[in-house]
Amino acid sequence: MAIKIYIPCDTTTLAQGGERVALLIKAEATNRSIDVDIIRNGSRGLFWLEPLVEVATKHGRVGYGSVTENDITALFDAKFYQGNKDHPLHIGYPEEHPYLKKQQRLTFARAGIIDPVSISDYLKYDGYKGLTSALSKSGQAIIDEVKSSGLRGRGGAAFPTGIKWQTVHDCSGEQKYIVCNADEGDSGTFADRMVMEADPFMLIEGMTIAALAVGATKGYIYLRSEYPVAHKILQQAIDIAYQNNYLGEDLQVNGQTNRLVNGQASGKSFDLEIRLGAEAYICGEETALLDSIEGKRGLVRFKPPLPAIEGLFGCPTVVNNVLSFAAIPFILTEGSQAYADYGMGRSRGTLPFQLAGNIKQGGLVELAFGTSLRELVEDFGAGTFTERPMRAIQVGGPLGAYLPESQWDTRLDYESFSSIGAVLGHGGIVVFDDRVDMLEQARFSMEFCVVESCGKCTPCRIGSTRGVEVIDKISAGINFADNLELLDELCETMVHGSLCAMGSMTPIPIQSAIKYFPEDIKVKSNIKTKITDTSDSTRGSQSLAGK
Ligand SMILES: Cc1cc2nc3c(=O)[nH]c(=O)nc-3n(C[C@H](O)[C@H](O)[C@H](O)COP(=O)(O)O)c2cc1C
Ligand code: SF4
């Protein structure tokens, strides 16, 4: 019988030579007359070990990572295909690896285990049980289940998913839509991509359940165009779902044509297609996203009306993040209580944290809310990649706060983070070592807003441009104290006067840099000559550290 060898086909693995490793393993096996069956799974999220090659043995899958093309001959010589330990890349059973063993994987339980486009693999590991359960329930009963799970949107705003669905459910109207936000623009985030590349049927199933709940028949996945691998895998999965009647007219469960639900045809339909974004951060904002799907330039809409009431093409629309939809099959399969049992306070369930930046063991860590940053970056991340002291951690994407060590024991839940003026966002965690210049980071945050602002409102469009200028003057020592005060006022204006969170949250990283890293807010000798200002500069050359 052919030996099963698993080699991931996700973006991270491909970026690290995974395709070549797969080709060479196949070729070497042929040369040595060893019968192998190469399966392209998704990543388990231990990115520093990719390409993580796994071999099926009678005791379970044994891993080797990270494998490069130069390791192939030695791996065969060591008989890795029998799960042999005698090779330095041998990591044992991946499930026993502390990085995975300490996680609470509800959403990512199948990631890296299954072939992402194998419907039989998906079914074997509890796939479509949630939809089967949903098909036997009323829309209201599904929504009640989602409400009592405590699930809050994982795209950033943490709005209760069940309440959003209830609003759409309660709207009258022939046409309702389900829209998945797969724009994933936050720095250091990749959990949505991992879902789409490792377990795409889970997203399709979650969206189908949402459609049943609110009475929608059409859905769109708004996918960022920078994710070509996710696009390919997701499209393949959608095609397969159609072929097996999990999408389309008269939805069926258990993958069999004409299979009846409780003795009757389901009579429910759901069509799903992908729409590609065009590399604009603001198109992740739900109303700009809807404009973009409608073929317009992505511009933020005034609210009200909420998209739940007047969304896509003016119809009631559920817009949820990939991770929000991906949590749904588990909730419908295991019951809302099983999900709500994880977490703390009003933050129920798990959050897939994404460790990125200057970190030794970058990857995906799914844990119940309530863990700490320190645990994540030290126990899982194993410190910085450069092996220098860690100095700052930005949590929640480019609009999230930079946190110093004094804040790393804060519990990772929505309320605790809000109490320190920070956000969890989409769970992205970007680590910086002691060489980071926090004034530069503050400037970067402001400049990000200049580049990505949709331009609809003045505080954000003009404020961010002026903000960069003010930061440059601070760096150059021009009216240092006055400009620092001006920056603070400008930030407050953006917080209170912006139309959407892009403008109102941009000050979060900037103000956190000033608050927590005052020693970096100082004149830079190398920038002074670049800025010209005719105003009084006698108060320059100060540092905030002593204030
Ligand atoms: C500037 C900006 C960018 C955003 N980008 C994303 C994104 O990439 N993905 C996402 O799911 N939500 C993003 N959001 C949040 C969405 O507007 C919206 O709250 C979310 O898609 C709702 O889904 P959820 O309730 O499941 O979180 C962004 C918001 C803003 C203001
Ligand atoms: S805050 Fe910025 S991104 Fe949001 S509406 Fe205003 S200009 Fe557009």
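Residues numbered from 1 in each chain as written. Chains lettered and ligands numbered in written order. Predicted model: local features only at pLDDT ≥ 70, side-chain atom pairs only at ≥ 80, totals over all residues.

## Let's talk about unusual backbone geometry
In step 1: Of the consecutive residues Glu50 and Pro51, the connecting peptide bond is found in the cis state with omega at -10 degrees.
In step 2: Following the sequence through the fold, Pro51 ends up in the loop between strand S2 (36-39) and strand S3 (53-57).
In step 3: Omega for the peptide link from Pro304 to Pro305 comes to 5 degrees, which places this bond in the cis form.
In step 4: Positive phi outside glycine occurs at Ala158, with the angle close to 60 degrees.
In step 5: Examined against the element boundaries, Ala158 turns out to sit in the loop between helix H7 (139-149) and helix H8 (161-170).
In step 6: Classification of Ala158 as buried rests on a count of 22 C-beta atoms within 10 Å.
In step 7: Despite not being glycine, Glu387 has its phi angle at roughly 65 degrees, a positive value. (Helix = DSSP H or I, 4+ residues; strand = E, 2+ residues; numbered from the N terminus. Buried ≥ 20, exposed ≤ 12 C-beta atoms within 10 Å, placed from the backbone.)

## Structural notes on the environment of Gln354
In step 1: When you line up the elements, Gln354 lands in strand S12 (residues 350-357).
In step 2: For Gln354, a count of 28 C-beta atoms within 10 Å translates into the label buried.
In step 3: Residues Gln354 and Asp271, 83 residues apart in the sequence, show an inter-C-alpha distance of 31 Å.
In step 4: In this structure Gln354 touches Gly188, Thr189, Phe190, Ala191, Leu364, Gly427, Gly428 and Ile429, once residues within four positions along its chain are discounted. (Contact = placed C-beta atoms within 7 Å.)

## Notes on the site of ligand 2
In step 1: By nearness alone, 14 residues border ligand 2, and Cys454, Cys457, Cys460, Cys500 and Gly503 come closest of all.
In step 2: Of all the secondary structure elements, the ones that give two or more residues to the shell around ligand 2 are helix H18 (458-476) and helix H20 (501-505).
In step 3: Residue composition of the shell around ligand 2, grouped by class: 8 nonpolar, 4 polar and 2 charged. (Near = placed C-beta within 6 Å. Nonpolar A, V, L, I, M, F, W, Y, C, P; charged D, E, K, R; others polar.)

## With respect to the domain arrangement of the chain
In step 1: The domains assigned to the chain are domain 1 (3-101), domain 2 (119-340), domain 3 (344-431) and domain 4 (438-530).
In step 2: When each unit is reduced to the centre of its C-alpha atoms, the spacing between domain 1 and domain 3 is 30 Å.
In step 3: Tallying the contact residues gives 5 residues for domain 1 and 6 residues for domain 3.
In step 4: Of the residues that constitute the side of domain 1 that touches domain 3, the class distribution is 4 nonpolar, 1 polar and no charged. (Domains from an automatic or database assignment.)

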